[in-house]
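What follows is each chain in one-letter form.
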Amino acid sequence: MKDQLKKYKLKHTPIREELLKLLSESQHAIPFAELQEKLKGFDRATVYRSLTTFTQKGIIHKITNEDGAIFYANCKSECGEHGHTHDHIHFECNSCKNIECLDLSTDLNINLNGYQIKETQINVRGLCPSCS
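Residues numbered from 1 in each chain as written. Predicted model: local features only at pLDDT ≥ 70, side-chain atom pairs only at ≥ 80, totals over all residues. Heavy atoms only, no water.

1. What to know about the overall build of the protein chain
- Within the protein chain, the regular secondary structure consists of 4 helices and 6 strands.
- In the protein chain, the order of α-helices and β-strands from amino to carboxyl end is α-α-β-α-α-β-β-β-β-β.
- Sorting the 132 residues of the protein chain into buried and exposed places 35% on the buried side.
- Taking contacts inside the protein chain between residues at least 6 apart in sequence as the whole, the part at least 24 apart equals 56%. (Helix = DSSP H or I, 4+ residues; strand = E, 2+ residues; numbered from the N terminus. Buried < 20%, exposed > 50% of the residue type's maximum accessible area, 1.4 Å probe, protein only. Contact = heavy atoms within 4.5 Å.)

2. Quick notes on the sheet that holds strand 3 (residues 70-74)
- Within the open sheet, the 3 strands sit side by side as 1-3-2. Their pairing is antiparallel. The open sheet has two edge strands, strand 1 (30-31) and strand 2 (60-64), and neither has a second partner.
- Where strand 1 lies against strand 3, 2 bridges are found, and the strand directions are antiparallel. Bridging across to strand 3, I30 finds its partner in Y72. (Pairing = 2+ DSSP bridges.)

3. As for the sheet that holds strand 6 (residues 121-126)
- If you trace the 3 strands from one edge of the open sheet to the other, you get 5-4-6, paired in mixed fashion. What marks the edges here is a single partner per strand, and that holds for strand 5 (99-103) and strand 6. Here the strands of the sheet are splayed against their neighbours by 30° on average, with no regard to which way each runs.
- Inspection of the sheet shows strand 4 (residues 88-93) paired to strand 6 by 6 bridges, in the parallel sense. Along strand 6, the bridge assignment pairs H90 with N123. (Axes fitted to C-alpha atoms, helices over the stretch in contact; angles between N-to-C directions.)

As structure tokens, this is what we get:
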């Protein structure tokens, strides 16, 4: 965890190390409320600031589900301060409510007539393999 913080030129703090650990151990995106619950020793503002910093640095990205809840997940590609470079699908299971980041198997090649696409996120809902 220290090496990852150093790579992004971030100061090593207990909250940052614990957040990175939680996010790296999870197979699914984690809702803010759950992160806050697991990090009871840290106040809400500190957790939020650390998540914001990680998002800005390209370490993690955030996902908003249908209900407006915010989830966080590690970036799988080399994202950075200048933006997130991965295009992927966010799959939300209607049954277990887990959100997974799934890589796109094909290039979408979307032409929006003059608009410059910087990032693509597609939200898909249904049943995951465990709940099917």
